[in-house]
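Examination of the molecular architecture
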Amino acid sequence: MLTKLTGGKVYDPENGIDGEVRDIFIENGRIVSPSPNARVDHEYPLHGRVVMAGGIDPHTHIGGGKVTIARMLMPEDHIGHEVAGTELTRPGVGHAIPSTLTAGYRYAEMGYTAAFEPAMLPSNARQAHMELGDTPIVDKGAFVMLGSDDYFLRQLAGKSDFSAIKDYIAWTMHAAQAIAVKVVNPGGISAFKFNQRKLDLDEKHAYYGVTPRDIILTLARGVQELGVVHPIHIHGCNLGVPGGVETTLATIKGSEGLPIHLTHIQFHSYGTEGDMKFSSGATRVAEAVNANKNVSIDVGQVMFGQTCTASGDTMRQFVNTRSADPKKWVVMDIECDAGCGVLPFKYRDKSYVNALQWAIGLELFLLVNDPWRLFLTTDHPNGGPFTCYPHLIRLLMDKTFRQEMMRTINQDALKWSTLASLDREYTLYEIAIMTRAGPARSLGLKDRGHLGVGASADITVYDDNPDREAMFATPELLFKNGELIVRNGKIVKVVNGATHVARPAYDASIEKPLKAYFDDYLTMRMENFRLPDDEIIDRGRGSIVIQPTGARAS
Amino acid sequence: MQDLKSEQSRNGANHFENVACPFCGILCDDLEIGPSATGLKVLKNGCPKSVAGFERPLVEANPQIDGKDVPLDEAVALAAKLIRESRLPIFGGLGTDIDGMRAIMKIAERGGGVVDHALSEAQYRNFRVLQSSGWVLTTLTEARNRADLFIIAGSDIHEIHPRFFERVVCNEASMFSDAPPKRTVVFLGEGLDQSAVTGKRIGEIVNLPCKADRIGEILDAMRAMRKGATITGDTIGGLPRAAVEDLLARCNAATYGVIAWAAASLAFPNADLTVQAMSEFLKEINTTSRFAGLTLGGDEGSPTAGSVCAWQSGFPLRVSFANGKPEYDSERYDMMRMLAAKESDLLLWLASFTPDLSPPDTDVPMIVLGTPGIKLSRTPKIYIPVGTPGIDHAGIIIRVDTVVSLPLRKLRKSKLPRAADVIASIEAAL
């Protein structure tokens, strides 16, 4: 069946198309270029409408143990936000931490067709994928966390052969069904288990003697040499610390030109000026990002209101428990593998600190020049729920609206930020880069995030409403693999998205030392740790897309 | 990914290594299982619970209505009719795997019912603390390698998990030292089996026989002392004050301490406050050193039921779909309370692991999906035998620490259906 989307204004940055009126043809789930006399079976007239590829969220905590701990911790997040099922959809709940099904529906209703869980613990990979398997419509994938796991730290401290370290990284990506690798407070989650309370970039881990810098460089080089497209995804040291900007700048400077992705960089851009000893370091961070083409970032914008933070960074989350609101929290050491810290948080527009966090995020968006290296995130749910994205897009596209919002927040905070002086307004083309083409390119999703021939027909159609928040909150149409899923913000069909993985090569002999390690120390067998494809495919609940990796260097 | 040789059956069919055991919450996955004259035999790394579970002979019982054998279709059709006609069905028991629980959620949504696990009362001693104040926890591997002090709080862990001490406390190899330091094991409570605490790793065993319902007092006193309060009186929680001071000194000196409890053992009124006292002590001591709780128990798939219900509905069990939306109330939708108060007119009971997970003795009409031989105090309206995940069919189950989940394997030929499939066919007939 041939479907034609006629006459929309197309924003497809991967193919350099900036608002041109074009027709798009869909057949068998893909974008095609039909012969001129092919019979069109179904046509959608889209004159005046804005057409983009489906949105891709490259960093959103939607599946895995810590998210379900957050769900259990916060019934008050759900009460009042219950959603009944329909003929097509199942019931669910949630404001900041929605249930899995509701998260999938809401992403689709917002025009998104893919969402990536950025913090999958190897020991929790099975559950993370089960939760993603219960997240309908959107494609998904997960970044596996390394760098505080004892196997890696033992390799690094024991000066293992670098190719063995790469084998372990690649093996873990296979075993945990990951598309990328993330490091969280490098070495710090492990150091916290040894009662270290902070770990600066060049501070030694009390037991292993290695530094976060060693860990970052090893993983960055390892991931690159394995040919994994997405660079090491770094949640740096000193999250949320006033003065943490210095660590961020040192991390960029120390990256030695290796590709790195610095995630939720807003939380790592705080200076120590002013009476409150808390100021914006956004200008310096943006300058460094602009000057270093090997660096990509996502922002982790703070949005005002109640949320619940969920992070692998036990070391920093334990400190943050003082600010938990409401006052309850979970910190967990996990399996000689990683950890998690879950605590509710309320960002208040009248709070000096929270208002400044909000301003710093916006500064970063407006000061970083290249949208191909900057992705739109709130680090859902840590900065705020992903359902805030349309509001955030309006803040970026509409200076007048931004200034109105600035008048409502703590005014002292604005004195320590340059936000008021920034005139930039994002264009639709730039938004399409930041929310589609950029994440797809960065994650190595070859047939997603664009509208060229051969791409998966994941397409969002918006009314070109000058109120960009309204426009992006309720797309008129959403197609997933060519099927109409959402019409005027309502789901008309439910499908199951695919799970994207990357499978760099490794030498299978790594399983010999790994098996001994599992047998000696762990409480789970290596054979049971590995997640086979069948568990994801799960009688048709899911499917797997293996994205290409480059050739392995040595 | 290639399977290792060890994963393949050898000596013909029915010989398996690295088998995960679903018969208690810690899910040992190093069992070796082979054939026997009557079925399966645990060849290696067994325990009383796994032997009882795996070696139960296969009985391919028939579905029944009012105690009389009927074809499965007939039982399914009647079950659907009863659910359709019910004002407020309860979907309870829930001794099942991930897919069984997923199927329960769907049918509860469509059937407008309440979801609750048989062991929720125990789980809620923990959940209430999670939802009101939180805690610092650890997991089995972390405790196994790291802890130098274990406090076993009011729970007969050896009875609940016959291999816990062997695998987590008495292990000789430790990741952080070739000559790991000896461990101190404190039994805080009366009548706790210490027989498994043996071997080279064990240094001191300290007995502090207090009543379980006074553990909270002791932990609260220790927290107060840490904060500088002076406690007078000769005893604290029934123990000599000096013994509690000594325990606190051991805690303060520990490199990594662990307090382990099984909520099911804390079977006295308001036991959540005891869990809270332990959790608040853990929060306090973590301001200066490292210490963590280890929640144990989790029999009969209860962590699986709680987790799946939480990720799909937002709430950890005790949720009602009577009005179409998930409606949560941990008191109101307590299944046992509802049955006693006659607030439900139909109970669907699912118990696929052990025959001991009996439904409550109630005159509410019952549909039982149970493992053959399930102990029933009265004949249910409908009985449908189901297979056991990890024996009769494959599945996945979540461990008691709610971090690790393990694959369960089909170990024998069996006609017993998966509970998930039976429930799906009932749902399709609704």
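None of the values given here were measured: they were computed from a predicted structure. (Residues numbered from 1 in each chain as written. Chains lettered and ligands numbered in written order. Predicted model: local features only at pLDDT ≥ 70, side-chain atom pairs only at ≥ 80, totals over all residues.)

**Things to note about the overall build of chain B**
Per the secondary structure count, chain B includes 13 helices and 22 strands. The 430 residues of chain B split such that 57% are buried. A fraction of 63% describes how many contacts in chain B between residues 6 or more apart in sequence connect residues 24 or more apart. (Helix = DSSP H or I, 4+ residues; strand = E, 2+ residues; numbered from the N terminus. Buried ≥ 20, exposed ≤ 12 C-beta atoms within 10 Å, placed from the backbone. Contact = placed C-beta atoms within 7 Å.)

**So, the interface of chain B and chain A**
Where interface size is given, it is often the accessible area lost as the parts come together that is meant. Each partner contributes to the interface: chain B provides 57 residues, whereas chain A provides 52 residues. Considering only residue class, the side of chain B that touches chain A consists of 27 nonpolar, 19 polar and eleven charged. Here strand 18 (residues 329-334) of chain A runs beside strand 8 (residues 134-137) of chain B; their pairing, made up of four bridges, is parallel. Opposite M332(A), over in strand 8 of chain B, you have L137(B) as the bridge partner. (Nonpolar A, V, L, I, M, F, W, Y, C, P; charged D, E, K, R; others polar. Pairing = 2+ DSSP bridges.)

**Regarding the sheet that holds strand 18 (residues 346-351) of chain B**
Residues and elements named next belong to chain B. Read from one edge to the other, the open sheet built from nine strands follows the order 5-4-20-19-18-6-7-16-17, with strand pairing classed as mixed. Looking at which strands have only one partner, the edges of the open sheet turn out to be strand 5 (68-69) and strand 17 (327-328). As paired elements, strand 6 (residues 89-95) and strand 7 (residues 114-115) share two bridges and run parallel to each other. Of the residues in strand 7, the one forming a bridge with F91 is V115. Running at roughly 175° to strand 6, helix 3 (residues 98-111) makes contact with strand 6, strand 7 and strand 18 of the sheet. (Axes fitted to C-alpha atoms, helices over the stretch in contact; angles between N-to-C directions.)

**Thoughts on the environment of S421(A)**
With respect to the helices and strands, the residue S421(A) is situated in the loop between helix 15 (411-415) and helix 16 (428-443). Separated by 58 residues in sequence, S421(A) and E363(A) have C-alpha atoms that sit 9.7 Å apart.

**Side note on the environment of L43(B)**
Residues and elements named next belong to chain B. Structurally, the position occupied by L43 is in strand 3 (residues 40-44). Take L43: there are 16 C-beta atoms within 10 Å of it, and that puts it in the partly exposed class. For the pair L43 and H15, spaced 28 residues apart in the sequence, the C-alpha separation amounts to 9.4 Å.

**So, the sheet that holds strand 2 (residues 31-35) of chain B**
Two orientations exist for strands paired in a sheet by backbone hydrogen bonds: parallel and antiparallel. Residues and elements named next belong to chain B. Taken together, three strands build an open sheet; the order of strands is 1-2-3 and the sheet is antiparallel. Each of the sheet's edge strands pairs with one partner strand only, and the pair in question is strand 1 (16-19) and strand 3. Here the strands of the sheet are splayed against their neighbours by 35° on average, with no regard to which way each runs. Relative to strand 3, strand 2 is paired through four bridges, and the arrangement is antiparallel.

**Let's talk about helix 2 (residues 72-85) of chain B**
Residues and elements named next belong to chain B. Here helix 2 is 14 residues long and its end C-alpha atoms lie 20 Å apart, about the 20 Å a rise of 1.5 Å per residue gives. When we look at burial in helix 2, the residues that qualify are A75, V76, A79, L82 and I83. Each buried residue of helix 2 sits inside an arc of 125° when the element is viewed along its axis, so together they form one side. Opposite the buried face of helix 2, by more than 90 degrees, sit the exposed residues D73 and E85. (Expected span 1.5 Å × (residues − 1). Arc of directions from axis to C-beta.)

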